[in-house]
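Residues per chain are reported as follows:
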Amino acid sequence: MARTVPAHQIQSSDDVAHVLDWLASPIPEDPAQDLAQLGGELAALGRAGLESAHYHRILDLFFDRAHRLSNALRVRLIEASLPLGKELRAMAALLISVHDGVASGYERVLLDTERLVHSKRRNVGSVVARALRSLTEALETSCMVACPTPPDLWRRTHALAKSARDHFEPTATVIPGLSLDAEKTYKGLLALAASQPEGFSPGEIALASEYLAQFSAAVSLLPAPPREDEGAWYWVDSSRDMGPVPPNRRIPPDHGDLLYCSFQLLARLLGEQVSALEAGMPAGNLRLPERAAGHGGIAALKRLQSHWAHPPHRHHPRRHNNFRAQVCVGLTELWQLLERGEALEGAEVGVPHMTEWMVLNESPGGFAVMHVAGEVEGLVPGSAIALRPAPDRPWSICIVRWMKSENPEHIELGLELIAPAARSVQLMFRNGDPGQLPTPGLLLPAIPALREHPAVLAPSGAYSARRFFIVSGEDKTHIMQGRLLSLDLQTGAVELFQFESDPYPM
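Predicted, not measured: the structure shown is a model, and the values here were computed from it.

Colleague: Quick question: what am I supposed to make of the overall build of the protein chain here?
Modeller: Along the backbone of the protein chain there are 12 helices and 15 strands. Here the protein chain, with 506 residues, has 48% of them falling under the buried criterion. Here the contacts in the protein chain between residues at least 6 apart in sequence split such that 66% fall between residues at least 24 apart. Accessible area of the protein chain: about 24,300 Å², with a carbon and sulfur share of 54%.

Colleague: How should I be thinking about the sheet that holds strand β1 (residues 220-222) in this particular structure?
Modeller: Strands pair in a sheet through their backbones, by hydrogen bonds, and they do so in one of two ways: parallel or antiparallel. The three strands lie next to each other as β1-β3-β2, forming an open sheet whose pairing is antiparallel. This sheet does not close on itself; its edge strands, each paired only once, are β1 and β2 (234-237). Ignoring strand direction, the axes of neighbouring strands in this sheet form an average angle of 30 degrees. Bridge count between β1 and strand β3 (residues 258-262): three bridges; the pairing is antiparallel. Note that in β3 the partner of L222 across the bridge is Y260.

Colleague: Got a minute to help me understand the sheet that holds strand β5 (residues 355-363) in this structure?
Modeller: If you trace the six strands once around the closed barrel, you get β4-β5-β6-β9-β8-β7, paired in antiparallel fashion. Neighbour-to-neighbour, the strand axes of the sheet open up by a mean angle of 45 degrees, direction not taken into account. Here strand β4 (residues 319-329) runs beside strand β7 (residues 384-388); their pairing, made up of four bridges, is antiparallel. Following the sheet pairing, V329 is matched in β7 by I385. Along the sheet, helix α12 (residues 331-340) contacts β4, β7 and β8 (396-407); its crossing angle with β4, the most-contacted strand, is approximately 80 degrees.

Colleague: So what exactly am I meant to see when it comes to the environment of L487 here?
Modeller: Topologically, L487 is positioned in strand β14 (residues 478-490). In sequence terms L487 and A455 are 32 residues apart; their C-alpha atoms lie 9.5 Å from each other.

Colleague: Explanation requested: the side chain of E412 in the structure shown.
Modeller: If you trace the backbone, E412 turns up in strand β9 (residues 410-419). Among the polar contacts made by the side chain of E412, one reaches the side chain of H410 at a distance of 2.9 Å. Setting aside chain neighbours within four positions, we find E412 in contact with L360, V369, M370, W402, M403 and K404.

Colleague: Got a minute to help me understand the packing of helix α2 (residues 31-47) against helix α4 (residues 86-109) in this structure?
Modeller: Here α2 crosses α4 at 25 degrees, and the two axes come no closer than 9 Å. With respect to their mutual orientation, α2 and α4 come out roughly parallel. Pair α2 / α4 crosses with left-handed handedness. Taking contact as the criterion, the partners of P31, A32, L35, A36, L38, G39, L42 and G46 in α2 are, on α4, E87, M91, L94, L95, V98, G101, V102 and R108. Of the residues that constitute the contact of α2 with α4, the class distribution is 11 nonpolar, three polar and two charged.

Colleague: What is the right way to look at helix α3 (residues 52-78) in this model?
Modeller: Spacing of three or four residues puts side chains on the same side of an α-helix, whose turn is 3.6 residues. For α3, spanning 27 residues, the distance from its first C-alpha to its last is 38 Å, which sits close to the expected 39 Å at 1.5 Å a residue. You can read the cap of α3 off the contacts: a side-chain oxygen lies 3.1 Å from the backbone nitrogen of A53, and it is on E51.

Colleague: Mind showing me how you'd approach unusual backbone geometry here?
Modeller: With the exception of glycine, most residues fall at negative phi, and the peptide bonds are largely trans. With an omega of -5 degrees, the peptide bond between L82 and P83 qualifies as cis. As for its position among the elements, P83 is in the loop between α3 and α4. Residue D152 is not a glycine yet carries a positive backbone phi of 70 degrees. Structurally, D152 is set in the loop between α6 (124-144) and α7 (153-166). A relative accessible area of 32% places D152 in the partly exposed class. Look at R287: it is not a glycine, yet its phi comes out positive at around 60 degrees. With respect to the element layout, R287 can be found in the loop between α10 (264-278) and α11 (297-309). Relative accessible area serves as the criterion here: at 49%, R287 is assigned to the partly exposed category.

Colleague: Hey, could you run me through the nonpolar core in this one?
Modeller: Soluble globular proteins tend to pack their nonpolar side chains together in the buried interior. Formed by 109 residues in total, the largest nonpolar core has its most connected members in W308, L379 and L413. Examining the composition of this core, we find that 11 residues originate from one element, α6, more than from any other. Every residue in contact with L379, bar those within four places of it in the chain, is listed here: S81, L82, V329, W357, I385, M403, I411 and L413. Core analysis: the second largest hydrophobic core is formed by 20 residues, W335, I397, A419 and L496 among them.

Criteria and thresholds
- Residues numbered from 1 in each chain as written.
- Predicted model: local features only at pLDDT ≥ 70, side-chain atom pairs only at ≥ 80, totals over all residues.
- Heavy atoms only, no water.
- Helix = DSSP H or I, 4+ residues; strand = E, 2+ residues; numbered from the N terminus.
- Buried < 20%, exposed > 50% of the residue type's maximum accessible area, 1.4 Å probe, protein only.
- Contact = heavy atoms within 4.5 Å.
- Areas by Shrake-Rupley, 256 points an atom, 1.4 Å probe, with all protein chains shown as cover.
- Pairing = 2+ DSSP bridges.
- Axes fitted to C-alpha atoms, helices over the stretch in contact; angles between N-to-C directions.
- Polar contact = N/O pair within 3.5 Å; in protein donor to acceptor, adjacent residues only side chain to side chain.
- Parallel < 35°, antiparallel > 145°, perpendicular 65-115°, else oblique.
- Left-handed = near helix turned anticlockwise from the far one by under 90°.
- Nonpolar A, V, L, I, M, F, W, Y, C, P; charged D, E, K, R; others polar.
- Expected span 1.5 Å × (residues − 1).
- Core = buried A, V, L, I, M, F, W, Y, C linked by side-chain atoms within 4.5 Å.

Written out as structure tokens, the structure is:
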């Protein structure tokens with residue numbers, strides 16, 4: 001007598017067959033086309049009611065596909081600025097959701113601990129490592145598009161790491177603790193969060209994640225705070241949905257499931273690698289990506305090293321405010337505005353326009369602002385921006401220190417004040433290049449509380465010799481010869497250096 005197959009089993013079989021057929025298809029050139037379907041196929045796999053081993057094998061295929069899609073989309077995100085276009089933002093949101101779904105799938109696999117303990121091909125540590133890798137890519141994508149960390153990501157991350165620690169297999173590694181891959185991935189997540197990624201451009205975040213994929217094992221996880229002579233440290237409460245916190249921002253509680261971490265060894269290693277790069281060592285010889293030695297790469301690595309060695313903290317109290325201000329975005333735009341004057345605005349094509357922002361709070365060191373009106377483009381951490389509370393006030397020159405964008409219509413910026421006024425100039429460096437073109441820059445006054453000498457704000461990569469000419473004036477006849485004293489700031493967009501009048505002019 002033939003056995004009747006229940007309808008729900010037939011439906012499950014059809015779902016699995018459809019999922020496997022789709023996984024076997026080639027990945028299209030446009031990742032958006034694949035991302036939209038990947039989430040649906042992953043949901044279909046979850047509905048299929050497969051036994052754990054079969055589900056796990058298919059989930060691994062989703063992990064691989066999501067990872068390849070992530071690499072494809074990252075190429076686009078590296079060049080992105082805020083506000084993101086609707087299509088790119090939708091793709092990023094889909095990718096974050098997919099990584100979250102894959103991690104949830106591995107959390108489901110971990111419920112069958114008994115099978116994993118007796119499996120020769122897969123153990124708890126390897127499953128945790130893949131789940132953590134998925135959450136890492138979700139966090140990296142969130143950072144690259146300046147959106148909030150996905151809800152509950154940190155609580156899940158801490159729980160996964162604890163699961164790997166509880167099921168640690170001595171034969172997997174000679175180092176006590178988590179299995180090696182899970183440990184490295186968990187440490188990489190902590191280090192990425194501690195680097196304050198909201199202050200890095202998408203390309204710099206990609207560089208940081210590539211660096212941590214190689215060297216995150218240098219992060220130290222500790223059961224108690226290190227000694228004072230061992231440098232700065234962070235604390236983590238594994239029971240809460242939060243990443244690592246330095247004690248200079250918040251004192252750790254006297255209760256909870258606390259873990260401590262130090263990035264001093266990682267910072268020391270990175271400092272040695274930066275010194276080698278500056279001495280001419282090829283990046284590949286140091287196991288670094290080629291972009292590490294490229295335009296702005298060394299500057300980004302120095303900021304990473306600084307944040308890991310010395311957790312930043314606020315130097316000035318903030319005063320809450322609620323007033324509107326005009327903003328001009330970008331060094332080139334501000335230079336044109338100061339150079340041409342505002343009387344021409346609106347009468348000439350290409351004259352920069354101002355946008356309207358709300359100042360949320362301010363301190364002697366800068367501002368926090370929220371976009372209110374006007375079209376904005378080209379916003380990235382490290383870029384120059386100018387702000388004034390009224391048309392009759394001078395422009396305050398700032399650097400974008402962090403960015404937040406919960407949706408396409410909402411942008412918040414943290415601005416570091418570097419000068420209360422500026423003058424447009426052109427720079428010519430005495431580097432022996434006869435074909436050198438003048439570089440637009442801003443001449444900033446000396447400020448006793450901030451810097452002793454006048455300074456120049458120029459595009460990143462402009463500095464090419466210690467001696468240079470500053471050409472200014474409406475008729476461009478005023479020429480000053482300067483000598484660089486210190487390079488005080490360098491980001492992927494701009495650099496700021498102090499100078500003095502050249503004691504040995506030509």
